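Residue-level listing of the chains:
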Amino acid sequence: MTPIPSTTTTLLAPAVRVEHATKCFGSGQTAVRALDDVTLDIRPSAFTAVMGASGSGKSTLLHCMAGLDTLTSGRAFVGERDLAELDDRALTVLRRERVGFVFQEFNLLPTLNALDNIRLPFTLGGRSPDADWVDEIVTTLGLTQRVPHRPSELSGGEQQRVAIARALVTRPDVVFGDEPTGNLDSHAGAQVLGFLRRAVDDFGQTIVMVTHDPVAAAHADSVVFLADGRVVDEMWDPTAARVLERMTAFGS
């Protein structure tokens, strides 16, 4: 039986939500509707995976929820902040301080060592990080011996762990991951997914991850399935086998 989310969790305000979200690319006869009237709440302190076939709108949804792209119509919120009401400067501050990102490409600055890459959001904002919190994240992610090294001296898995640390260091409202294990081998990918899971369980972090991999999605608390720009299903307590079965049923 599919478990029902706890009453305590469901009564909390969503960490992220979109209302009647529509995103179109192009115009006229060549217009493509990447998102089609999507309404979705993301639970706080939970791990949500978003899945769908190529072209289903999953990455577009993530980018619009994160303020990296704008909706054609509808509304997107991070906490109680309506992204449409924020100017460019306010959006920049929100993305730097209240939202964390982990992408398929690690996006580390090659001239900085791992520790300076982790501290980068504070450097850009002209603030000082909480040294104890930085140390806790570095230790949790197994990076203590690697922080003096530059990205070129780190393995792919280590670089992605640095990216995760950078995403967590500001204690953001939500961390968005766009295929974060896409460039990693199975061992490094499993480590990264384990660390993301721990961020939820140990730190109460909210994570939204786009993935095409049923094994990756099985680390989440729930999976949202998209097809043709619409939410078509949601699964609680996923397993890789159940996710694969559902994706097969959708023709993905």
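Residue numbers here run from 1 along each chain, matching the order of that chain's written sequence. Local features are withheld for residues below a pLDDT of 70 in this predicted model, meaning they are given only at 70 or higher, and side-chain atom pairs are given and counted only at 80 or more; totals for whole chains, interfaces and linings count all residues. Side-chain calculation: all heavy atoms of the structure are included, whereas hydrogens and water are not.

A.B. asks: I tried to follow the overall build of the protein on my own but got confused; where do I start?
C.D. replies: Here a strand is any run of E in DSSP of at least two residues, a helix any run of H or I of at least four, and the numbering for each starts at the N terminus. Within the protein, the regular secondary structure consists of 10 helices and 10 strands. Counting only C-alpha atoms, the protein reaches 50 × 45 × 40 Å along its principal axes. When accessible area is computed with a 1.4 Å probe and restricted to protein chains, residues below 20% of their type maximum are described as buried, those above 50% as exposed, and intermediate ones as partly exposed. For the protein, buried positions account for 47% of its 252 residues. Contacts between residues were defined by any pair of non-hydrogen atoms, one from each residue, lying within 4.5 Å. Considering only contacts within the protein whose residues lie at least 6 apart along the sequence, 69% involve residues at least 24 apart. Computed with the Shrake-Rupley method and a 1.4 Å probe, the accessible areas treat only the protein chains shown as cover for residues. If you sum the accessible surface of the protein, you get close to 12,100 Å²; carbon and sulfur atoms cover 50% of it. The average position of the 23 basic charges and that of the 32 acidic charges among the side chains of the protein differ by 3 Å. Charge convention: Lys and Arg are scored as positive, Asp and Glu as negative, and His as well as the terminal groups of each chain are ignored. Where a charge lies is defined by one atom per residue type, namely NZ (Lys), CZ (Arg), CG (Asp) and CD (Glu).

A.B. asks: Would you take a moment to explain the packing of aromatic side chains for this structure?
C.D. replies: Here is the rule: rings of Phe, Tyr and Trp (six-membered ring for Trp) pair when centre to centre is within 6.5 Å. Planes less than 30 degrees apart are stacked, more than 60 are edge-to-face, and the remainder are tilted. The tally for this structure, following the rule as stated, stands at 4 aromatic pairs. The interplanar angle of 25° and the centroid separation of 6.4 Å between the aromatic rings of F101 and F176 together place this pair among those described as stacked. Here F101, found in strand β6 (residues 99-103), pairs with F176, found in strand β7 (residues 174-178); they are 75 residues apart in sequence, far enough to count as distant. Accessibility classification places F101 together with F176 in one group, the buried group. Centroid distance W133 to F203: 5.0 Å. Interplanar angle 70°. Geometry classified as edge-to-face. Taken together, the residues W133 in helix α6 (residues 131-140) and F203 in helix α8 (residues 186-203) connect sequence positions 70 residues apart. Assessed through its relative accessible area of 27%, F203 is described here as partly exposed. Above the plane of the ring of W133 lies R171, whose end atom (NZ or CZ) is 4.1 Å from the centre. Charge-over-ring placement is defined geometrically: NZ (Lys) or CZ (Arg) within 6 Å of the ring centre, and within 35 degrees of the ring normal.

A.B. asks: Please explain the sheet that holds strand β3 (residues 47-51) as it appears in this structure.
C.D. replies: Strand pairing in a sheet is mediated by backbone hydrogen bonds. Such pairs are either parallel or antiparallel. Only strands that DSSP links by at least two bridges are regarded as paired with each other. Strand order in the open sheet made by the 6 strands is β6-β7-β8-β3-β9-β10, with mixed pairing throughout. Edge positions in the sheet fall to β6 and β10 (230-236), since each has one partner strand and no second. Each neighbouring strand pair of the sheet contributes to a mean axis angle of 20°, computed without reference to strand direction. Here 4 bridges tie β7 to strand β8 (residues 207-210), and the two strands are oriented parallel to one another. What sits directly across from G177, in β8, is M209. Axis definition: a line fitted to C-alpha atoms, over the contacting stretch in the case of helices. Angles run 0 to 180 degrees between N-to-C directions. Sheet strands touched by helix α7 (residues 156-168): β6 and β7. Its angle to β6, the strand with the most contacts, is close to 170°. Against the sheet, α8 engages β3 and β8, with an angle of about 155° to β8.

A.B. asks: Sorry if this is basic, but what is going on with the pairing of β7 here?
C.D. replies: Successive side chains on a regular strand alternate, one facing one side of the sheet and the next facing the other. Of all the 5 residues making up β7, 5 are buried; the element is thus mostly covered by neighbouring parts of the structure. Where burial is concerned, the two faces of β7 agree: the one with V174, F176 and D178 and the one with V175 and G177 are both buried. Bridging between β6 and β7 involves 5 bridges; their strand directions are parallel. Of the residues in β7, the one forming a bridge with F103 is D178. At this point the chain moves from β7, through α8, to the parallel β8, and the crossover so formed is right-handed. Viewed with both strands pointing away, a crossover whose connecting path from the first strand over the helix to the second turns clockwise is right-handed.

A.B. asks: Looking at this structure, how should I read the packing of α6 against α8?
C.D. replies: For any two helices packed against each other, the geometry is given by the interaxial angle and the distance between the axes. The geometry of α6 relative to α8 is characterised by a closest axis approach of 11 Å and an angle of 135° between their N-to-C directions. The angle between α6 and α8 falls in the class oblique. By crossing handedness, the relation of α6 to α8 is classed as right-handed. For the pair α6 and α8, the contacting residues are W133, E136 and T140 in the first and F195, R198 and F203 in the second. Residue composition of the contact of α6 with α8, by class: 3 nonpolar, 1 polar and 2 charged. Here the word oblique covers every angle except those under 35 degrees (roughly parallel), over 145 (roughly antiparallel) and from 65 to 115 (roughly perpendicular). When the near helix sits turned anticlockwise from the far one by under a right angle, the crossing is termed left-handed; a clockwise turn instead gives a right-handed crossing. Amino acids are sorted into nonpolar (Ala, Val, Leu, Ile, Met, Phe, Trp, Tyr, Cys and Pro), charged (Asp, Glu, Lys and Arg) and polar (every other residue, Gly among them).

A.B. asks: So what exactly am I meant to see when it comes to the pairing of strand β1 (residues 16-25) here?
C.D. replies: Both β1 and strand β2 (residues 32-42) contribute to a ladder of 7 bridges, which runs antiparallel. Note on β2: the bridge partner recorded for R17 is D41. Hairpin connection, β1 to β2: the antiparallel pair is bridged by 6 residues, and G26 has positive phi, about 80°. By the bridge criterion, 5 bridges tie β1 to strand β4 (residues 73-78) in an arrangement that is antiparallel. Residue pairing for β4: E19 is matched across the bridge by R75.

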